[in-house]
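Now for the letters of each chain:
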Amino acid sequence: MSLTPGMKLGPYEIVGLLGAGGMGEVYRSRDTRLGREVAVKVLPRGMASDPERQQRFEAEARAAGSLNHPNIVTLHDVGVADGVPYLVTEVLEGESLRALIQRGPTPMARAIDLIVQLANGLSAAHGKGIVHRDLKPENLFVLADGRLKILDFGIAKLMRADSVSEAETTPVFASLTAAGTIMGTVSYMAPEQLRDRPVDQRADLFAVGAILHELLTGKQPFTGETAADRVSAILMADAPALPADLEREIPGIGAVVSHLLAKRPEGRFDTAADLAFILNLLGGKPAPPEEPSPSATGEIPSHANIEFRQLTFRDGEIGNARFAPDGQTVVYDAAWGGAQVEAYLTRLESPESSPLGVKNASVQAVSSTTEVAVVLRPKDLGGFVWLGTLARFPLVGGRPREVVDSVFFADWAPDGRSLAAIRIVGGICQIEAPLGRVIHSTHAWMSHLRYSPDGSMLAFLEHPASGNNAGHVCVIRPGEAPRRLTERYEMVWRLAWRPDGKEIWFGAQESDEATVGVAGVSLDGVVRRVFSAPGWAAVEDVARNGDVLLAMTRPRMRMETGTRTGGAAAVKDLSNLDWSLLRDMSPDGSMVLFDETGLGSAGNPGVYLRPTDGSPAVRLADGICSGLSPDGRSVLAGSGQHTSVLLVVPTGVGETRRIELTDHAIGYASWIPGADAVVVVASKANGPRHLYRLDLTTHAIRPIGEEIAMTGSHAIVSPDGTHVAVRDADGIRIVGIEDGSSRLVPGLTSSLLPSNWTADSRGLYVWTRSEIPMRVLRTDVETGSSEPWMEIWPIVRSGVAGFNSLRLTPDGERYACSYVMVDSTLFLARGLT
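Residues numbered from 1 in each chain as written. Predicted model: local features only at pLDDT ≥ 70, side-chain atom pairs only at ≥ 80, totals over all residues. Heavy atoms only, no water.

Glancing now at the overall build of the protein. Helices and strands together make up the secondary structure of the protein, namely 11 helices and 54 strands. The burial tally for the protein puts 55% of its 833 residues in the buried class. Here the protein has roughly 33,800 Å² of accessible surface; of this, 50% comes from carbon and sulfur atoms. (Helix = DSSP H or I, 4+ residues; strand = E, 2+ residues; numbered from the N terminus. Buried < 20%, exposed > 50% of the residue type's maximum accessible area, 1.4 Å probe, protein only. Areas by Shrake-Rupley, 256 points an atom, 1.4 Å probe, with all protein chains shown as cover.)

Below, the structure written as structure tokens:
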């Protein structure tokens with residue numbers, strides 16, 4: 001129906017034709033009641049021929065009119081006059097997106113801006129359950145000031161449906177003869193629409209992908225001479241890849257388009273809000289600094305007031321957290337509620353976190369091109385060391401691509417093109433920068449590798465003693481020797497560079513007190529206290545504007561005992577202070593030996609005995625311990641400061657014997673039954689660990705057998721005193737104490753650890769560290785045949801990733817174990833810089 005100037009449609013007086021399309025004609029009109037200009041869209045007369053359909057048309061049109069968003073055209077009124085249905089909207093001055101596309105490819109920045117506006121409008125509509133179903137450039141309008149408006153919400157559904165039940169499933173090809181209705185739309189329709197299947201908001205996102213592709217290239221992704229050809233292309237063919245120059249301009253934009261154009265809905269973004277977030281992220285719009293940053297002033301500003309904002313709200317352990325390039329997005333990994341560790345994403349303005357779909361993964365870094373580096377399937381080797389497979393994946397979505405094995409920590413170079421990593425290969429800890437190029441190696445262990453902002457050097461933590469996270473902050477330039485910036489800290493963990501590259505921040509416990517917090521060290525070794533904390537403070541990352549990610553962590557080493565046959569009722573908590581690490585258990589199962597080295601020790605580690613009936617613990621000595629003598633009269637301990645010193649401490653009356661090995665650093669000691677001697681695991685001058693027999697009377701020491709690349713520090717001596725069980729890279733190895741003979745136990749992998757021997761010295765109890773429940777096997781050391789012995793569940797599940805130690809009585813009935821329970825909360829801190 002064509003209208004001429006002066007005619008009236010209800011209260012609206014026609015002024016002139018604005019445009020026409022397959023879904024009706026649009027007229028500039030005047031509202032005679034309010035005296036304002038409006039746009040009246042006249043729809044086909046058939047829309048009002050059925051009273052039921054007319055009623056539904058008005059209801060759905062008014063639902064669309066309830067949308068109030070700057071990127072959705074405002075609907076003022078809806079009605080029917082003389083059998084003609086019409087819609088009344090605001091008058092728009094500008095052009096359709098089709099007119100813009102016809103002039104050629106749109107510059108990247110403008111295209112992304114337009115699609116973000118489109119996604120924001122769709123998000124508002126989808127949030128009210130309204131899906132457009134007919135998005136195309138003709139239904140998108142660009143105002144003179146650059147704002148985008150979405151037209152005709154819900155009208156495609158109204159145009160095609162004859163009943164409510166058919167609204168989602170009317171065959172597309174039945175409408176091919178409806179003049180202009182499908183012919184101009186099919187190129188943007190999702191596969192599920194073309195197959196006459198139910199649709200949701202993800203069908204709109206498919207159309208957005210086609211529109212984004214066309215904006216960037218000037219060409220539709222799915223082409224053909226006829227509508228049937230285009231339908232076939234959408235259903236069967238992949239969209240052409242974006243030109244390489246576009247990908248170079250904004251890496252990851254091609255992955256966004258591919259994600260939107262996935263054939264199945266579940267392969268696309270879940271929401272339009274997700275799409276807007278990703279595009280803003282790729283567009284690289286960092287938050288402006290609220291205060292002058294250190295890089296701008298060159299000085300360290302004072303910060304009397306520090307503001308904290310909590311970002312996570314669940315029970316469990318947070319691994320690593322990193323800012324994305326925009327400074328407003330955070331990627332982290334966590335094991336919430338006892339579940340498997342998983343990668344998550346959150347925004348600073350939102351209390352919600354969304355899983356990224358990458359499980360059993362430790363987040364390492366986010367590149368300047370928004371690619372995430374993770375360590376997949378990390379395995380706990382003990383002593384704070386986890387190794388897994390380094391992988392990378394785009395933050396916009398996609399499966400991780402595995403790169404290299406045996407990785408502990410990794411970081412992206414500032415340009416986002418290469419990775420550096422700490423790897424442990426053949427028992428040697430090494431820094432590779434880039435991957436494959438070893439720039440430093442040591443028999444000690446290193447952690448938390450981070451590139452400087454200018455990419456000229458790397459910071460890392462050096463830990464001289466196995467199983468101990470005491471150490472130093474170091475830096476290294478490729479081609480030069482590493483340099484220590486700090487003295488030794490009793491605990492040092494996590495680090496990040498200040499944005500100007502002049503200082504490295506790290507979490508630490510000072511050697512002479514139990515105070516923990518964040519410290520900073522300059523490149524010339526000047527250390528300052530950034531702030532103190534009531535718990536363990538981990539510096540995760542620092543954004544370009546000075547915002548800081550902090551993980552406030554409350555770790556506790558718990559100790560428990562139970563029996564094989566007693567079940568849950570027999571389990572008893574033996575925890576003493578905050579870091580009760582089980583070291584040994586008496587053969588009759590009545591006593592446990594452990595040490596306390598956490599904050600509860602107030603900087604003075606202690607050696608304790610505690611009855612397994614739950615009676616109070618008795619402090620025997622200062623330091624740390626390793627073994628209880630078979631007769632229960634003495635324990636082996638270290639001073640806690642001088643690793644070359646071994647102490648033999650009586651459990652009752654008597655004097656402590658002090659044995660000092662001037663050129664050996666002792667990591668572990670185990671009694672040899674029937675002899676006044678022990679097996680020690682020791683090293684010389686930070687060299688590899690080796691097995692030695694030490695006579696406690698003469699202090700004579702001799703090596704046992706050939707050098708072994710041990711992957712654990714424990715050496716478990718058999719009850720008959722003839723052999724010792726250790727773990728190396730190949731599995732569990734049995735070494736003869738007298739003749740030095742060495743052989744692997746058949747069938748046992750390096751993921752298993754020896755707990756202790758059976759009473760007849762013919763079998764071992766072995767266990768898994770990083771599994772819950774812990775699986776304990778009894779294994780014949782000659783044949784390798786194993787039988788399941790028991791499963792051990794911790795009393796506490798949340799924040800527990802695995803076990804740290806296990807001891808059983810020789811008959812395998814009673815056990816004792818220790819495990820770390822971690823409760824972490826991620827915070828944003830402002831005012832520290």
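Our focus in this paragraph is the pattern of salt bridges. All chains considered together, the criterion is met by 42 salt bridges. D728 serves as the salt-bridge partner of R733, at 2.6 Å between the closest nitrogen and oxygen. For the residue pair R733 and D728, the accessibility class agrees, reading buried in each case. Here R775 makes a salt bridge to E771, at a shortest N to O gap of 3.0 Å. (Salt bridge = Lys/Arg side-chain N within 4 Å of Asp/Glu carboxyl O.)

Scanning the entire structure with this criterion turns up 3 cavities of 30 Å³ or more. Computed from the structure, the second largest cavity encloses a volume of approximately 70 Å³. Put simply, the parts of the chain that give the lining of the second largest cavity at least two residues each are strand 11 (316-323), strand 18 (401-412), strand 22 (445-451), strand 26 (491-497) and strand 30 (536-542). Here the lining of the second largest cavity takes 3 residues from strand 22, the largest share from any one element. Each residue belonging to the lining of the second largest cavity can be placed in one class, and the counts come to 5 nonpolar, 3 polar and 4 charged. (1 Å grid on protein atoms, 1.4 Å probe; cavity = no way out; pocket = protein on both sides within 12 Å on 5 of 7 lines; lining within 4 Å. Points joined across faces, edges and corners; volume = space filled by probe spheres on them. Nonpolar A, V, L, I, M, F, W, Y, C, P; charged D, E, K, R; others polar.)

Under the definition given, this model contains 15 aromatic pairs. Between F206 and F222 the ring centres are 6.0 Å apart and the planes differ by 10 degrees, which places this aromatic pair in the stacked class. On the criterion of sequence distance, the pair formed by F206 in helix 6 (residues 201-217) and F222 in the loop between helix 6 and helix 7 (227-236) is long-range, its members being 16 residues apart. Residue classification places F206 among the buried residues on the basis of a relative accessible area of 0%. Judged by its relative accessible area of 2%, F222 falls in the buried class. Through a chain of ring-to-ring contacts, the aromatic side chains of F384, F408, F409, W445 and W493 assemble into a single cluster. (Phe/Tyr/Trp six-rings, centres within 6.5 Å; stacked < 30°, edge-to-face > 60°.)

A separate point is the sheet that holds strand 44 (residues 701-703). The strand order across the open sheet formed by 4 strands is 41-42-43-44, and the pairing between neighbours is antiparallel. If you trace the sheet from one side to the other, it starts and ends with strand 41 (665-671) and strand 44, each paired once. Shown here is a sheet whose adjacent strand axes are inclined to one another by a mean of 30 degrees, direction ignored. Both strand 43 (residues 690-695) and strand 44 contribute to a ladder of 3 bridges, which runs antiparallel. Bridged to L694 within strand 44 is I701. (Pairing = 2+ DSSP bridges. Axes fitted to C-alpha atoms, helices over the stretch in contact; angles between N-to-C directions.)

Turning to the sheet that holds strand 50 (residues 763-768), a few remarks are in order. With antiparallel pairing, 4 strands are arranged side by side in an open sheet as 49-50-51-52. Edge positions in the open sheet fall to strand 49 (752-757) and strand 52 (786-792), since each of these has one partner strand only. When strand polarity is set aside, the average angle formed by the axes of neighbouring strands in this sheet is 30 degrees. Relative to strand 50, strand 49 runs antiparallel, the two being bridged by 5 bridges. Its bridge partner being in strand 50, L752 is matched across the sheet by T768.

On to helix 3 (residues 108-127), then. With 20 residues, helix 3 should reach 28 Å at 1.5 Å per residue; the first-to-last C-alpha distance of 28 Å fits that figure. With its phi angle positive at about 80 degrees, G129 sits one or two positions after the end of helix 3. (Expected span 1.5 Å × (residues − 1).)

We now examine the nonpolar core. Nonpolar side chains in soluble globular proteins tend to end up buried together. By size, the foremost hydrophobic cluster in this structure holds 75 residues, and its most contacted members are V256 and L275. Not counting residues up to four positions away in its chain, the partners in contact with V256 are L212, F269, L275, I278, L279, L282 and V396. (Core = buried A, V, L, I, M, F, W, Y, C linked by side-chain atoms within 4.5 Å. Contact = heavy atoms within 4.5 Å.)

Looking now at the packing of helix 6 against helix 9 (residues 253-260). For the pair helix 6 and helix 9, the least separation of the axes is 8 Å and the interaxial angle reads 140 degrees. The pairing of helix 6 with helix 9 is recorded here as oblique in orientation. Crossing hand, helix 6 versus helix 9: left-handed. Each of L205, F206, V208, G209, L212, H213 and L216 in helix 6 lies in contact with helix 9, whose residues at this interface are I253, V256, V257 and L260. Within the contact of helix 6 with helix 9, the residues separate by chemical class into 9 nonpolar, 2 polar and no charged. (Parallel < 35°, antiparallel > 145°, perpendicular 65-115°, else oblique. Left-handed = near helix turned anticlockwise from the far one by under 90°.)

It is worth spelling out the pairing of strand 6 (residues 84-89) at this point. Of all 6 residues making up strand 6, 6 are buried, and the element is well covered by its neighbours. Neither face of strand 6 is open: one carries V84, Y86 and V88, the other P85, L87 and T89, and all of them are buried. By the bridge criterion, 4 bridges tie strand 4 (residues 36-42) to strand 6 in an arrangement that is antiparallel. If you follow V40 over to strand 6, its bridge partner there is V88. When strand 5 (residues 75-81) meets strand 6, the two strands line up antiparallel, connected through 6 bridges. Within strand 6, the residue paired with A81 across the bridge is V84. As consecutive antiparallel partners, strand 5 and strand 6 are separated by 2 residues, and within that stretch D82 has a phi angle of approximately 55 degrees, a positive value.

Listed in full, the buried residues belonging to helix 9 are I253, G254, V256, V257 and L260. Here the buried residues of helix 9 occupy an arc of 160 degrees about the axis, which is enough to place them on one side. Tucked inside the fold, the buried residues of helix 9 contact helix 3, helix 6, helix 8 (244-249) and helix 10 (272-282). (Arc of directions from axis to C-beta.)

Relative to the elements of secondary structure, L17 occurs in strand 2 (residues 12-21). Look at L17 and you get exposed, because its relative accessible area is 54%. Sequence separation between L17 and K41 is 24 residues, and the spatial gap between their C-alpha atoms is 10.0 Å.

Cis rather than trans, the peptide bond between A433 and P434 has omega equal to -5 degrees. For P434, the position within the fold is in the loop between strand 20 (428-432) and strand 21 (438-442). Of the consecutive residues I772 and P773, the connecting peptide bond is found in the cis state with omega at 0 degrees. As for its position among the elements, P773 is in the loop between strand 50 and strand 51 (774-780). In the Ramachandran plot, R377 falls in the positive-phi region, its phi being about 50 degrees despite a non-glycine side chain. Positionally, R377 belongs in strand 16 (residues 371-382). On the accessibility criterion, R377 (39% relative accessible area) is partly exposed. The backbone phi angle of S406 is positive, close to 60 degrees, even though this residue is not glycine. Of note, S406 is situated in strand 18. Classification of S406 as partly exposed rests on a relative accessible area of 28%.

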